[in-house]
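A look at the structure
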Amino acid sequence: MLPSEVSRSHSSRADGGMKGRTEVAAKGDLKVRKTRAIQKRAGMLKPFVEVGDGIPELDEEDGTLAAENIPMPEFETTLMERVVERGNMVRAYKRVMSNKGAAGVDNVSVDELKTYVGTHWDSIKRALLGGTYTPQAVRMVEIPKANGGKRQLGIPTVIDRLIQQAVQQVLSPIFEPAFSESSYGFRPKRNAHMAIRQAQKYQREGRRWVVDMDLAQFFDEVNHARLMSRIENHVRDRHVLTLIRRYLRAGIMAGGMTSQRQKGTPQGSPLSPLLSNIVLDELDKELERRRLKYCRYADDCNVYVRSKKAAEHVMASVKEYVETRLRLKVNEKKSVVSRPWKRRFLGYSFSVDKQTKIRVAPETVMRLRAKLRMAFREGRGRNIGNFIRERIVPMLRGWIVYFRLAEVKQFAETLDEWIRRRLRLLIWRQWKRPRTRYMKLKARGLNEKSARLSAYNGRGAWWNSGASHMNKAFPNQYFDNMGLLSLLRKWDGYKTFL
């Protein structure tokens, strides 16, 4: 072989070797890039987590990733994988079914959810894991408020309620440990009764002035950017964050028209209570920093202090904080400095005694009477026994279960008397004519003279419903036998166990 040919041969081998090494290096770089992309999707790289177990480290010599030591990411450890995990979805399904509720914009009812999920779940799951799921619009309805106004209520589709419930179940354990001990609304193992008990304790300690602060249209005023910023401090899975953003910005359908939402969280969705607590946790931390004694249930917040001057100072400073820092609005009409026994908190109020007692607020009793009046109008012409069992008893049972904490029984006595009188009024009106009333009163045990005088007395129905002849004809025992629930006896029964 000539020297020139040897030279060409060595050059060829050198070029080939260099090319081979370049191809190997390129494949190595591709492997690193692929690995980094996978780990980024799984939320395993900075800035989301610190370098540690299972996280790639920089090579000390050249600053590149040590690709050969990179383990494949475990996708089941990501939040979205936990959201769509079968056990979590089953729990969410049971919760949505138990809550029932109306259909959303797609007209799919709760009863149809099982069939819908069976048909569409594979594609929905892929979309959730891929970050491409888009929620449907929320159907907006208005429900009456206690003060005569209207409250907007958002009704998501049942599939979106299912997904939101599943997300809530995964996120709640992440945020719960950081929430304040003085926050009682929509939290596991916490309820309104605990807030009332705590408020009573503060008053017995001598804090007999209350800063009763109410946020105006809180659920409609939540700032999305601030909310997402607080969520991002704890949640690192970008698919979950994207999904929450889309739920916040989901369209609102009202009157057949869909509009985009720029702020607020729709009240009525499974996720909104958790989101509201995340927003208001910032207020909780500020109140704790100031060492104030307070009870908060959702957007109802009562701060208890020892003097009127201190209460006025707290009202002014906290109001400024809420409006400037949290970018929320304080309801000027409902937010006042007052005595606790002059205010209503979660339907309850308190006695003026130094050893404060819990009582049912007068406004709460008036609201129940208004609801019962509407029910009694429906009872005209119905069988009294069926009406009591089907319409009245369910209302009373749920009401007294909530207000069983009251320590003053007058509310139960007066309501029992009033309900029985309304039932006697219903019976008197059903009889219509004096002749019928005369015959019915005689049949109920009145003598002929008393029955005649009572039937033809010419007085109004309400007067007769409270008169002695109707009380004698229809004593309390009569309604007990019909199945009427006595609030006083039920309350007495609860006092035995409390």
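I will try to describe carefully the structure that is included in this document. Keep in mind that what you see is a predicted model, and the values were worked out from it rather than measured.

**A few points about the overall build of the protein chain**
Each helix and strand in the protein chain was counted, giving 20 helices and 10 strands. Expressed as a percentage of the 498 residues in the protein chain, the buried residues total 45%. Sequence-distant contacts, at least 24 apart, represent 71% of the contacts inside the protein chain between residues at least 6 apart. In the form shown here, the protein chain has an accessible surface area of approximately 27,500 Å², with 50% of it arising from carbon and sulfur atoms.

**Digging into the sheet that holds strand β3 (residues 209-214)**
Ordered in space as β6-β7-β3-β8, the 4 strands form an open sheet in which the pairing is antiparallel. Both outer strands of the open sheet, β6 (293-297) and β8 (336-338), are each paired with one neighbouring strand and no more. The mean inter-strand angle of the sheet, taken between neighbouring strand axes irrespective of direction, is 20 degrees. Direction of pairing for β3 relative to strand β7 (residues 300-305): antiparallel, over a ladder of 6 bridges. Paired with V210 across the strands is Y304, a residue of β7. Relative to β6, helix α10 (residues 272-289) is tilted by about 175 degrees, and along the sheet it contacts β6 and β7. Sheet strands in contact with helix α11 (residues 308-324) are β3, β7 and β8, and its direction is about 20 degrees off that of β3.

**So, the nonpolar core**
L128, Y133, I163, L171, I231, V303 and V322 are the most contacted members of the largest nonpolar core, which has 65 residues in total. Top contributing element to this core by residue count: helix α5 (residues 158-175), with 9 residues. What V303 contacts, discounting residues up to four positions off in sequence, is W209, V210, V211, L287, L292, K293, Y294 and V314. In terms of nonpolar packing, the next biggest core, distinct from the first, is built from 59 residues, Y202, F350, A412 and L441 among them.

**Here we look at the environment of V211**
By secondary structure assignment, the location of V211 is in strand β3. Considering only alpha carbons, one finds V211 and P340, 129 residues apart in sequence, at a separation of 8.9 Å. What V211 contacts, discounting residues up to four positions off in sequence, is C301, N302, V303, A311, V314, M315 and V336.

**Some details on a positive patch on the surface**
The grouping of R151, K334, R344, R367 and K371 at the surface amounts to a positive patch. For K334, a relative accessible area of 32% puts it in the partly exposed group.

**A word on the packing of aromatic side chains**
Under the counting rule described, the total for this entry stands at 13 aromatic pairs. Geometrically, the ring pair formed by Y402 and F403 is edge-to-face, given 4.7 Å between the ring centres and 90 degrees between the ring planes. When its relative accessible area of 6% is taken as the criterion, F403 is described as buried. Between the aromatic rings of F474 and Y478, the centroid separation amounts to 4.9 Å while the plane-to-plane angle is 75 degrees, which identifies the pairing as edge-to-face. For the pair F474 and Y478, one class covers both residues: buried. Connected via pairs of aromatic rings, a cluster forms that spans Y348, W399, Y402, F403 and F411. The ring of Y494 has R404 lying over it, and the distance from NZ or CZ to the ring centre is 5.8 Å.

**Concerning the pattern of salt bridges**
Enumeration over the complete set of coordinates arrives at 20 salt bridges. Note that R290 and E286 form a salt bridge whose closest N and O atoms lie 2.9 Å from each other. Take R290: its relative accessible area is 29%, and that puts it in the partly exposed class. For E286, a relative accessible area of 10% translates into the label buried. Its salt-bridge partner being E378, residue R391 comes within 2.9 Å of it at the nearest N-O pair. Taken as a pair, R391 in helix α13 (residues 384-402) and E378 in helix α12 (residues 362-378) lie far apart in primary sequence, 13 residues in all. Classification of R391 as partly exposed rests on a relative accessible area of 26%. E378 gets classed as partly exposed once you look at its relative accessible area, which sits at 43%. One continuous salt-bridge network, built from bridges that share partners, spans R226, R230, D281, E282, K285 and R325.

**Describing helix α3 (residues 86-99)**
Taking 1.5 Å per residue, 14 residues should reach 20 Å; α3 reaches 20 Å between its end C-alpha atoms and fits that length. Every buried residue of α3 is accounted for by N88, M89, A92 and V96. Projected down its long axis, α3 carries its buried residues within an arc of 95 degrees, all on one side. Within α3, the exposed residues directed more than 90 degrees away from the buried face are R86 and K94. Check the buried side of α3 and you find it contacts α2 (79-84), α4 (113-130) and α5.

**Quick look at the packing of α12 against α13**
Two numbers describe how α12 lies on α13: the axes approach to 11 Å, and their chain directions differ by 170 degrees. One way to sum up the angle between α12 and α13 is to call them roughly antiparallel. Crossing of α12 against α13: the hand is right-handed. Within the contact between the two elements, α12 uses T364, L368, K371, L372, A375, F376 and E378 and α13 uses F387, R391, I392, M395, L396 and W399. Split by residue class, the contact of α12 with α13 holds 9 nonpolar, 1 polar and 3 charged.

**Focus on the pairing of β6**
Within a regular strand, side chains alternate between the sheet's two faces. Across the 5 residues of β6, 4 count as buried, placing the element largely inside the fold. Bridge count between β6 and β7: 5 bridges; the pairing is antiparallel. Within the sheet, the bridge partner assigned to Y297 lies in β7 and is D300. Turn length for the β6-β7 hairpin, with the two strands adjacent in sequence and antiparallel, is 2 residues, and the turn residue A298 shows positive phi of about 55 degrees.

Calculation notes
Residues numbered from 1 in each chain as written. Predicted model: local features only at pLDDT ≥ 70, side-chain atom pairs only at ≥ 80, totals over all residues. Heavy atoms only, no water. Helix = DSSP H or I, 4+ residues; strand = E, 2+ residues; numbered from the N terminus. Buried < 20%, exposed > 50% of the residue type's maximum accessible area, 1.4 Å probe, protein only. Contact = heavy atoms within 4.5 Å. Areas by Shrake-Rupley, 256 points an atom, 1.4 Å probe, with all protein chains shown as cover. Pairing = 2+ DSSP bridges. Axes fitted to C-alpha atoms, helices over the stretch in contact; angles between N-to-C directions. Core = buried A, V, L, I, M, F, W, Y, C linked by side-chain atoms within 4.5 Å. Patch = residues over 30% accessible without salt bridge, like charges linked within 9 Å, V, L, I, M, F, W, Y side chains within 5 Å. Salt bridge = Lys/Arg side-chain N within 4 Å of Asp/Glu carboxyl O. Lys, Arg positive; Asp, Glu negative; His and termini not counted. Charge placed at Lys NZ, Arg CZ, Asp CG, Glu CD. Phe/Tyr/Trp six-rings, centres within 6.5 Å; stacked < 30°, edge-to-face > 60°. Lys NZ or Arg CZ within 6 Å of the ring centre and 35° of its normal. Expected span 1.5 Å × (residues − 1). Arc of directions from axis to C-beta. Parallel < 35°, antiparallel > 145°, perpendicular 65-115°, else oblique. Left-handed = near helix turned anticlockwise from the far one by under 90°. Nonpolar A, V, L, I, M, F, W, Y, C, P; charged D, E, K, R; others polar.

Nothing here speaks to function; it is geometry throughout.
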